Amino acid sequence: MSMARAGTLGAALAVLLLGAGLPAWAQTRCGDHVPQARPQNAGRDIVGADLDAIQERGWIAFAAYEDFAPWSWEENGSVRGVDIELGRLIAEELGVEARFTLVAAGENLEADLRNWVWKGPIVGGRVANVMLHVPYDSNFACRVEQVVFTGQYHVERMGIAFGRAEYPEDKPVPAYFRFDTVGVENDSIADFYLTAFPGGQLRANIRRYPHMGAAMAGLATGEVKTVMGPLAQLEHGLTPELDVHSPPLPGFATGSWTVGVAVHFAYRPLAYAVDDAIVAGIGDGRIGEIFGAYGLTFSPPELR
């Protein structure tokens, strides 16, 4: 995972969840909303394709983040991850082949959606039919009219990984980090949260890594006593000597967030079909099995 991805996707998600830097009108659901520009005079090869066109040609294009284990990454020339398997499930439901493009995160989530869902990058490439692993926020959805946010499939939450031998009884919570070292992904939600912890009490014990895999490796070798980050990424890096839990986080406005997919606003029948496929996959247990195969805890959204 590149430092650029760590510093952009993590920071963008932190802005959504912590509310940092949002204008005042964005704090109220769709308050004082100003419509954005929509694509004009663009052919379907640029802005996507409708459901009939996808089924007629026999394949659907997905965009997924690169170097983003356990969600999406390339290994030995093949794409892997929970989001990749989810894309294949959607394609199977639609009766087409799944094709994937692994993309680098832009400077923020709005840039990613512009590049890979509704407009396309300035140089090279084209939009996908569906972008995977898009965090859902209702205020953000108001501001990005060009995108349909749908297919919510998992509730992610923050967690803390630790060595079983180091904490045989009480599991670590943020207050412990006044004395114990904690690893975080640089410029991530955990990094921002712990750095801003009241009075800056924890800053001396924060150790920053370029990505969660490196942080978990540091935990395994004893460089740090704990690691804080998204639960799935912590679980992906567990060894038999390590454990993880999700304690209450004081002062954390949103300790969990829902992940779904994004589709171009002009193709709502496609969005409905993708959502139906995900609902079916949750209902019959196939999506839960995908998470289990990667050793992850599956938390489906409560309201479907």
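Predicted model, so just to flag it, every value in this text is computed and none were measured. (Residues numbered from 1 in each chain as written. Predicted model: local features only at pLDDT ≥ 70, side-chain atom pairs only at ≥ 80, totals over all residues. Heavy atoms only, no water.)

Participant: So what exactly am I meant to see when it comes to the overall build of the chain here?
Facilitator: On a plain count of helices and strands, the chain comes out with 11 helices and 11 strands. Burial statistics for the chain: of 304 residues in total, 52% are counted as buried. Counted over contacts in the chain with a minimum sequence separation of 6, partners at least 24 positions apart contribute 75%. Approximately 13,600 Å² of the chain is accessible, and the part contributed by carbon and sulfur atoms is 50%. (Helix = DSSP H or I, 4+ residues; strand = E, 2+ residues; numbered from the N terminus. Buried < 20%, exposed > 50% of the residue type's maximum accessible area, 1.4 Å probe, protein only. Contact = heavy atoms within 4.5 Å. Areas by Shrake-Rupley, 256 points an atom, 1.4 Å probe, with all protein chains shown as cover.)

Participant: Would you take a moment to explain the environment of Arg 208 for this structure?
Facilitator: Note on placement: Arg 208 falls in strand β8 (residues 206-209). As for Arg 208 and Val 184, which are separated by 24 residues in sequence, their C-alpha atoms are 5.1 Å apart. For Arg 208, the residues in contact, after removing those within four places along its chain, are Val 184, Asn 186, Asp 191 and Thr 195. Within the structure, Arg 208 has its side chain in polar contact with the side chain of Asp 191 (distance 3.0 Å). In this structure the side chain of Arg 208 is engaged in a polar contact, spanning 3.0 Å, whose partner is the side chain of Thr 195. (Polar contact = N/O pair within 3.5 Å; in protein donor to acceptor, adjacent residues only side chain to side chain.)

Participant: Before we go on, may I ask you to explain the packing of aromatic side chains in this structure?
Facilitator: Pairs of aromatic rings are described using the distance from one ring centre to the other and the angle between the two planes. Applying the stated criterion to the full structure yields 10 aromatic pairs. Their ring planes at 90 degrees and their centres at 6.0 Å tell us that Tyr 65 and Phe 68 sit as a pair that is edge-to-face. For the pair Tyr 65 and Phe 68, one class covers both residues: buried. Centroid distance Tyr 193 to Phe 197: 5.9 Å. Interplanar angle 85 degrees. Geometry classified as edge-to-face. With respect to class, Tyr 193 is no different from Phe 197; both count as buried. (Phe/Tyr/Trp six-rings, centres within 6.5 Å; stacked < 30°, edge-to-face > 60°.)

Participant: Honestly, helix α10 (residues 268-283) in this entry has me stumped. Any pointers?
Facilitator: The periodicity of an α-helix, 3.6 residues per turn, causes residues three or four places apart in sequence to face the same way. The end-to-end C-alpha distance of α10, which contains 16 residues, comes to 22 Å, matching closely the 22 Å that a straight helix rising 1.5 Å per residue would cover. Those residues of α10 lying buried are Leu 270, Ala 271, Ala 273, Val 274, Ala 277, Ile 278, Gly 281 and Ile 282. Gly 285 sits one or two residues past α10 and shows a positive phi near 90 degrees. (Expected span 1.5 Å × (residues − 1).)

Participant: So what exactly am I meant to see when it comes to the pattern of salt bridges here?
Facilitator: Charged atoms that come close allow side chains of opposite charge to pair. Per the counting criterion, the structure on display carries 10 salt bridges. Between Lys 225 and Glu 166 there is a salt bridge whose closest N-O contact spans 3.6 Å. With Lys 225 in the loop between α8 (212-220) and β9 (226-230) and Glu 166 in the loop between β6 (147-163) and β7 (182-185), this residue pair connects regions lying 59 residues apart in the sequence. Since its relative accessible area comes to 29%, Lys 225 is described here as partly exposed. The residue Arg 286 makes a salt bridge to Asp 284 at a minimum N-O spacing of 2.8 Å. Owing to a relative accessible area of 22%, Arg 286 belongs among the partly exposed residues under this scheme. (Salt bridge = Lys/Arg side-chain N within 4 Å of Asp/Glu carboxyl O.)

Participant: Before we go on, may I ask you to explain the pairing of β7 in this structure?
Facilitator: Side-chain direction in a regular strand flips from residue to residue, so the side chains alternate between the two faces of the sheet. Here β7 shows a buried face lined by Val 182 and Val 184 and a second buried face lined by Gly 183 and Glu 185. Bridge count for β7 against β8 is 4 bridges, and the pairing is parallel. Within β8, the residue paired with Gly 183 across the bridge is Arg 207. Regarding the hand of the β-α-β motif, the stretch spanning β7, helix α7 (residues 189-195) and β8 is right-handed. Sheet analysis places β7 next to β9, joined by 2 bridges and oriented parallel. Paired with Val 182 across the bridge in β9 is Thr 226. (Pairing = 2+ DSSP bridges. Right-handed = clockwise from strand over helix to strand, strands pointing away.)

Participant: Looking at this model, I keep getting lost on helix α5 (residues 109-118). Mind explaining?
Facilitator: When you tally the buried positions in α5, you get 8 out of 10 residues, the bulk of the element. If you check which residues of α5 are buried, you get Leu 109, Ala 111, Asp 112, Leu 113, Asn 115, Trp 116, Val 117 and Trp 118. With a side-chain oxygen positioned 3.2 Å from the backbone nitrogen of Glu 110, the residue opening α5 is Asn 108. Two residues or fewer past α5, Gly 120 is found with a positive phi of approximately 105 degrees.

Participant: Would you explain the packing of helix α4 (residues 82-94) against α10 in this entry?
Facilitator: Packed helix pairs are specified by the crossing angle of their axes together with the interaxial distance, meaning the distance between the axes. α10 packs onto α4 with a crossing angle of 110 degrees between their chain directions and a minimal axis gap of 9 Å. Between α4 and α10, the crossing angle belongs to the class labelled roughly perpendicular. The way α4 lies across α10 gives a crossing that is right-handed. Counted together, Leu 86, Leu 89, Ile 90, Glu 93 and Leu 94 of α4 and Leu 270, Ala 273, Val 274, Ala 277, Ile 278, Ala 280 and Gly 281 of α10 form the full contact between these two elements. Looking at the contact of α4 with α10, its residues break down into 10 nonpolar, 1 polar and 1 charged. (Axes fitted to C-alpha atoms, helices over the stretch in contact; angles between N-to-C directions. Parallel < 35°, antiparallel > 145°, perpendicular 65-115°, else oblique. Left-handed = near helix turned anticlockwise from the far one by under 90°. Nonpolar A, V, L, I, M, F, W, Y, C, P; charged D, E, K, R; others polar.)

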